[in-house]
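This is what each chain is made of:
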Amino acid sequence: MKPFFVLIKCQLGKAYEVASAIAEREIASEIYSTAGDYDLLAKFYVEADADIGHFVNEKVHSVAGIVDTKTIITFKAF
């Protein structure tokens, strides 16, 4: 499995709704609220040969209330 993170910017007042919607879909292993430019940080895992861009486009961007995302690809855990 290949891990990656997505920073998520939500519509004003929608962060908890977005986090709940992602949790209900059971696609993220962890979801955190954050301070700063983004409202949420979510950790996802996909199969090693999966297309991360396709996953984010279909599974994450389709959640109502998301305004912007930034995907962080990971290489190695220490």
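Relevant structure appears above.
Now for a look at the structure at hand. Note that the coordinates shown come from a computational prediction; the quantities given were computed from them, not determined experimentally.

Each helix and strand in the protein was counted, giving two helices and four strands. Whereas a compact globule of 78 residues would reach a radius of gyration of roughly 12 Å, the protein reaches 12 Å, a difference of no more than 12%. Expressed as lengths along the three principal axes of its C-alpha atoms, the size of the protein is roughly 35 × 25 × 20 Å. Counting only residues that meet the buried cut, the protein has 29% of its 78 residues in that class. Once local pairs closer than 6 in sequence are excluded, the contacts in the protein between residues at least 24 apart make up 69%. Surface summary for the protein: the accessible area is close to 5200 Å², and the carbon and sulfur share equals 53%. Treating the 8 positive side-chain charges of the protein as one cloud and the 11 negative ones as another, the clouds have centres 5 Å apart.

Let us now look at the environment of Phe-4. Tracing the chain through its elements places Phe-4 in strand β1 (residues 2-10). Accessibility expressed as a relative area gives 0% for Phe-4, which makes it buried. Between the C-alpha atom of Phe-4 and that of Ile-72, which follows or precedes it by 68 residues, the distance is 5.9 Å. Those residues within four positions of Phe-4 in sequence are excluded, and the remaining contacts are Ala-42, Lys-43, Phe-44, Val-46, Ile-52, Phe-55, Val-56, Thr-71, Ile-72, Ile-73 and Thr-74.

For the α-helix, the turn length of 3.6 residues means that residues three or four positions removed from each other point alike. Taken together, the buried positions of helix α2 (residues 52-60) are occupied by Ile-52, Phe-55, Val-56 and Val-60. Projected down its long axis, α2 shows its buried positions confined to an angular sector of 95°, all on one face. Buried residues along α2 sit against β1, β3 (40-46) and β4 (66-73). N-capping of α2 is provided by Asp-51, with a side-chain oxygen placed 2.9 Å from the backbone N of Gly-53.

Quick notes on the rules
- Residues numbered from 1 in each chain as written.
- Predicted model: local features only at pLDDT ≥ 70, side-chain atom pairs only at ≥ 80, totals over all residues.
- Heavy atoms only, no water.
- Helix = DSSP H or I, 4+ residues; strand = E, 2+ residues; numbered from the N terminus.
- Rg over C-alpha atoms; globule rule 2.2 N^0.38 Å.
- Buried < 20%, exposed > 50% of the residue type's maximum accessible area, 1.4 Å probe, protein only.
- Contact = heavy atoms within 4.5 Å.
- Areas by Shrake-Rupley, 256 points an atom, 1.4 Å probe, with all protein chains shown as cover.
- Lys, Arg positive; Asp, Glu negative; His and termini not counted.
- Charge placed at Lys NZ, Arg CZ, Asp CG, Glu CD.
- Arc of directions from axis to C-beta.
- Polar contact = N/O pair within 3.5 Å; in protein donor to acceptor, adjacent residues only side chain to side chain.

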